[in-house]
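# Analysis of the macromolecular model
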Amino acid sequence: MAARENQGYLIAVILLVLLSVVLAIATYFGFTNMSEIADQRDDLQAQLVSRTNTSDAYREQAGILKSYLGLQGYSVAEVSTRLETLNRSGEQNVINETQSITDLYNEDMARYNNKPENEEGTWRGLVNDFADAVKNLHNTVIVQRSNIDRAEQQRQTDLAAKDKEIEAKDNQLNLAQQDLAEEKNRHAQTRTELESKLNVSEASVKNLNQRVQELQNIRLADKQGFDAELAKRQDTINALKAQVRRQTEFETEVADGQVVSVSPILGKVVINLGYEDNLRPQMTFAVYDQQLTSFEKGKQKAKIEIIRILNPHLAEARVVEQSHTDPILTRDFVVSSTWDPGYAVPIALAGVIDLDGDGVSDLQRLISIVRLNGGDVVAYHDEEGNVVGEIDENTRYFVRGQEPSDAQMAAAYARLDDQRISFEVQTISVRELLNSMGVTNEAKIQRMDSEMGQKTQFRPRLPGSVDGSAFDDN
């Protein structure tokens, strides 16, 4: 009985030891799996953070692209904020890709966007502008083709009429020849009578041949006239196409001079033009980089004004405006659309000229600016509708102001515009003219005697005022 109880205790001890070993092994493997799971959790959290940053970066990139495309709800003004957020993400691949797209957008806007500087440009806007331009050009081509078709129809009609006349003459000739044959048959019996009738017939045939030749000459002359008229109309079409090209392109490939030396501290430069080049003080020029081969209006790097003529081909100028990131360098080009060396560029003005937006005509001021910059105003109309001068084939630019509302000014404007069309003069705006001369347009002025000025709290200072305040205390 005691041996059986010891055997039970021994079995219990063995089972306890085996259970302890199993628990130890299970605990070891449990802690090992817990460590691996913790490492996997840390890796997954790191991947989650990385992919979250990447997702945020792509989200900002998508917002920037939608702004550039011009989708509803996205503005180009928000791009700078989105770029800052994108740069903070640290996703360099997305940052580089977005910067490349931004550079392409800026390049497209600089090259193709024709909207005002304060209006945002988008790729959808460019597509719409291109579509409108193509539509207008297509309509012009349709009108010209219609004119050509009408001219061709008229020519065909005239040729058909002439052919009918010639056919009638040919019928008359055939009848005459038939009469001649009958006459020969009837008078075959007598040689003398035959010879006599033959001579008469030969004379008649000769006259008919002369008449046929005259008709052929007339037909040839008419054909030559129609061909000349067709060639003239083709020349008109080519001239209209050239006019369209000139209206869509506004640039020059010829510089007027170059910068000889630069004094950044004094803000002055010296150019290679002087009094023998018809240069005068107060003329303004636009400065373009020396690497350029064409000079687009309004894309200059700086503006300068002539202050002193040094010698026949040298003058000193002060820097009126320039970019801090793109300074004036020696050998940079200077350009003015209203001045050529030794030549005053002919310019015509039309419409209401208001440079500062005060509602008062600045026509005489603009004429003075043009003349100071070497230009010559050959035609314009005053505020009473009187036309001074005329536009001819030598006129370089037709400067278009605001559309006049006065009937007399509108009639004078229409008269000058008809002359512009006749001589195919290039049309530019007042702002484009001032930019090409390097002249900064004046800011709008609010006159104090206007309706808006009367609504302000401004009042003149009273004599003897202590503080000199010009405003009400309330």
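## Observations regarding the environment of Y288
Residue placement: Y288 occurs in strand β4 (residues 284-288). Along the sequence, Y288 and K303 sit 15 residues apart, while their C-alpha atoms lie 9.2 Å from each other. Apart from the residues within four sequence positions on either side, Y288 is in contact with F295, E296, K297, G298, K299, Q300, K301, D332, F333 and V335. Of note is the side chain of Y288, whose polar atom sits 2.9 Å from the backbone oxygen of E296.

## Re the sheet that holds strand β8 (residues 333-335)
Strand pairs in the sheet, formed through backbone hydrogen bonds, run parallel or antiparallel to each other. Reading around the circumference, β2-β3-β7-β6-β4-β8 is the order of the six strands in this closed barrel, with antiparallel pairing throughout. Taking each pair of neighbouring strands and ignoring which way they run, the sheet shows an average axis angle of 45°. Pairing of strand β2 (residues 257-263) with strand β3 (residues 268-271) involves four bridges; the strand directions are antiparallel. Bridge assignment links S261 to a residue of β3, and that residue is V270.

## Re the confidence of the model for the protein chain
Residue-level pLDDT values for the protein chain average 80, and 85% of them are 70 or greater. Mean pLDDT per element in the protein chain: helix α9 (residues 451-454) is the minimum at 44, and β3 is the maximum at 96. Taken together, the stretch residues 243-250 has pLDDT below 50 and engages in 13 contacts with residues farther than four places along the chain or on a different chain. Low pLDDT, under 50, characterises residues 445-474; the predicted model gives this stretch 24 contacts beyond four residues in sequence or across chains.

## Let's talk about the pattern of salt bridges
The final tally for this structure, using the stated rule, is 21 salt bridges. The partner of E316 in a salt bridge is K268, and the shortest N-O contact between them spans 3.9 Å. Residue E316 is found in strand β7 (residues 314-322), and its partner K268 is found in strand β3; the two are separated by 48 residues along the sequence. Of the residues examined, E316 reaches a relative accessible area of 13% and is grouped as buried. When its relative accessible area of 30% is taken as the criterion, K268 is described as partly exposed. We note a salt bridge from R318 to E305, for which the minimum N-O separation is 2.6 Å. Here E305 lies in strand β6 (residues 302-311) and R318 lies in strand β7, a separation of 13 residues in the sequence. The class of E305 is buried, set by a relative accessible area of 17%. Through salt bridges with shared partners, a single ionic network connects E182, E183, R186 and K197.

Calculation rules
- Residues numbered from 1 in each chain as written.
- Predicted model: local features only at pLDDT ≥ 70, side-chain atom pairs only at ≥ 80, totals over all residues.
- Heavy atoms only, no water.
- Helix = DSSP H or I, 4+ residues; strand = E, 2+ residues; numbered from the N terminus.
- Contact = heavy atoms within 4.5 Å.
- Polar contact = N/O pair within 3.5 Å; in protein donor to acceptor, adjacent residues only side chain to side chain.
- Pairing = 2+ DSSP bridges.
- Axes fitted to C-alpha atoms, helices over the stretch in contact; angles between N-to-C directions.
- pLDDT = per-residue confidence, 0-100.
- Salt bridge = Lys/Arg side-chain N within 4 Å of Asp/Glu carboxyl O.
- Buried < 20%, exposed > 50% of the residue type's maximum accessible area, 1.4 Å probe, protein only.

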